[in-house]
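Here are the chains, one letter per residue:
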Amino acid sequence: MGYTKEDIIDLVMENDVKFIRLQFTDLFGSLKNVAVTASQLGKVLHNECMLDGSSIEGFLRIEESDMYLRPDLDTFVIFPWRPQHGKVARFLCDVYTTDGKPFAPSPRQVLRQVTQRAARMGYTLQVGPECEFFLFQTDEQGRPTAIPHDRAGYFDLSPVDLGENARREICLTLEEMGFEIESSHHESAPGQNEVDFHYQNALQAADSIQTLKLVVKTVAQRNGLAASFMPKPLNGINGSGMHINLSLEKEGKNVFYDPAGPLGLSKTAYHFLGGIFAHVRGMTLLTNPLVNSYKRLCSGYEAPRYLAWSLANRSHLVRVPKSKPENTRLELRSPDPACNPYLAFAALLEAGLAGMEEEIWPPQPVDGNIFALTQQERQKLGIGALPLDLGEAIDAFLADPLMQQVLGKELSEKYVAAKQHEWDTYRTAVTDWEWNRYFGVY
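We now turn to the structure provided with this report. Bear in mind that the values here come from a model prediction, so they are computed numbers and not experimental data.

**Observations concerning the overall build of the protein chain**
Here is step 1 of the chain: Secondary structure assignment for the protein chain yields 13 helices and 16 strands.
Here is step 2 of the chain: Over its C-alpha trace the protein chain gives a radius of gyration of 22 Å, about what one expects of a compact globule, namely 22 Å for 442 residues.
Here is step 3 of the chain: Principal-axis analysis of the C-alpha atoms places the extent of the protein chain at approximately 70 × 60 × 50 Å.
Here is step 4 of the chain: Here the protein chain holds 442 residues, and the buried ones make up 53% of them.

The following block contains the structure:
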């Protein structure tokens, strides 16, 4: 968009904006904000709004907690659902230290550093995320229930698909905010929906995902529903993924396509893919960050578990969709929407760049339904698997120096410590399943 400070001042005045939210993302992907009135706009635009980072997950200790929020002017939007008079707007912000330097452990800065490294090599990562989520009914008090909003299935439509109205409102709201929505539809599980953004650069795509989550939850609440991006909210049905479509551009050209290359893919595409396979187990802690994430990544529910790729086959970890040459891309199917998109995209890009620099080749493509293969057949083909649970994902992350390098020493240690605590708490908890299974028997 290329907004200037003068543009922002004009927009605030012309649209009667009275309240401005300065939003940023914590270590685990939660969107936070500091709110100010429009009278403080000058202070906002001069980067003078402070933040106490000691209370934010993954930020600083209390004795060095003062930080500044610097708004990214191009992320300015006015919330369409707020009052016509006295409107509310927002900026997404970068976090800076008191000495005027970018705060390196900030997730947005982590991604920015990797995209800048790619830019120095002449490359821009383009990302097309496919975000899935559930809509649930609420009770008389407005609290979420475990009852899906509808009983529709894949690509169903009204009247079976009761989510159509909410999904339409979500898409129209996002478009009114300036986002380009490529498609939306009902997913395969009851109450499950998907909204797909048009391709953007990695930083813009991560920003869009954070905005989508806010819009989905807001629209759901306004319609008496509850929205969840939890990877596996219900037993016995498919969980929610966030498939990530990736392509690499150089001088405006998609460098993944080569008409003379095997399967129409360039060496750059193969090496980028090789980097992903070399580091995908280590990055799984970032792309699938919850105990609950691994209840989606199991056989029988379409989510990929095994380390294989092919053209078009949806049972594989990575597929290469059939498309026009300029749209040649890799689709990584394992991530889920609970991930911090800034950290996930940073890890993916860094892995791909490492594959290009080290000229890593991916394994040979595998034809057919990989879920139909026996364990012996997979072993014979040399097909590995993603981590089985959060504990194994932590170990894989710690065994991959490149993934720790992406986050940096301080952020890696905080992230691992938090995830280890989450895993230990889960491991030692006595669940209803255990009670029902064992109490009357032993």
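**Notes on the packing of helix H3 (residues 107-120) against helix H5 (residues 202-222)**
Geometrically, a packed helix pair is captured by the angle between its two axes and the distance between the axes.
Here is step 1 of the chain: Two elements in contact, H3 and H5, have axes whose closest approach is 9 Å; the angle formed by their N-to-C orientations is 155°. The pairing of H3 with H5 is recorded here as roughly antiparallel in orientation. Taken as a pair, H3 and H5 cross one another with a handedness that is right-handed. Note on element contacts: H5 touches H3 through Ala 202, Leu 203, Ala 206 and Asp 207, opposite Arg 108, Leu 111, Arg 112 and Thr 115.

**A word on the nonpolar core**
Here is step 1 of the chain: Core analysis: the largest hydrophobic core is formed by 92 residues, its most contacted members being Ile 170, Phe 272 and Phe 345.
Here is step 2 of the chain: Ranked by the residues each element gives to this core, the list is headed by helix H8 (residues 341-358), at 12 residues.
Here is step 3 of the chain: Counting 22 residues, the second-largest nonpolar core is a separate cluster that includes Phe 24, Cys 49, Met 67 and Phe 91.

**A word on the environment of Ile 360**
Here is step 1 of the chain: Mapped onto the elements, Ile 360 comes out in the loop between H8 and helix H9 (375-380).
Here is step 2 of the chain: Looking at Ile 360, the relative accessible area reads 19%, which means it is buried.
Here is step 3 of the chain: The spatial distance from the C-alpha of Ile 360 to the C-alpha of Pro 321 is 22 Å, given a sequence separation of 39 residues.
Here is step 4 of the chain: Apart from residues lying up to four places away in sequence, Ile 360 is in contact with Tyr 270, His 271, Gly 274, Gly 275, Ala 278, Ala 354 and Gly 355.

Analysis parameters
Residues numbered from 1 in each chain as written. Predicted model: local features only at pLDDT ≥ 70, side-chain atom pairs only at ≥ 80, totals over all residues. Heavy atoms only, no water. Helix = DSSP H or I, 4+ residues; strand = E, 2+ residues; numbered from the N terminus. Rg over C-alpha atoms; globule rule 2.2 N^0.38 Å. Buried < 20%, exposed > 50% of the residue type's maximum accessible area, 1.4 Å probe, protein only. Axes fitted to C-alpha atoms, helices over the stretch in contact; angles between N-to-C directions. Parallel < 35°, antiparallel > 145°, perpendicular 65-115°, else oblique. Left-handed = near helix turned anticlockwise from the far one by under 90°. Contact = heavy atoms within 4.5 Å. Core = buried A, V, L, I, M, F, W, Y, C linked by side-chain atoms within 4.5 Å.

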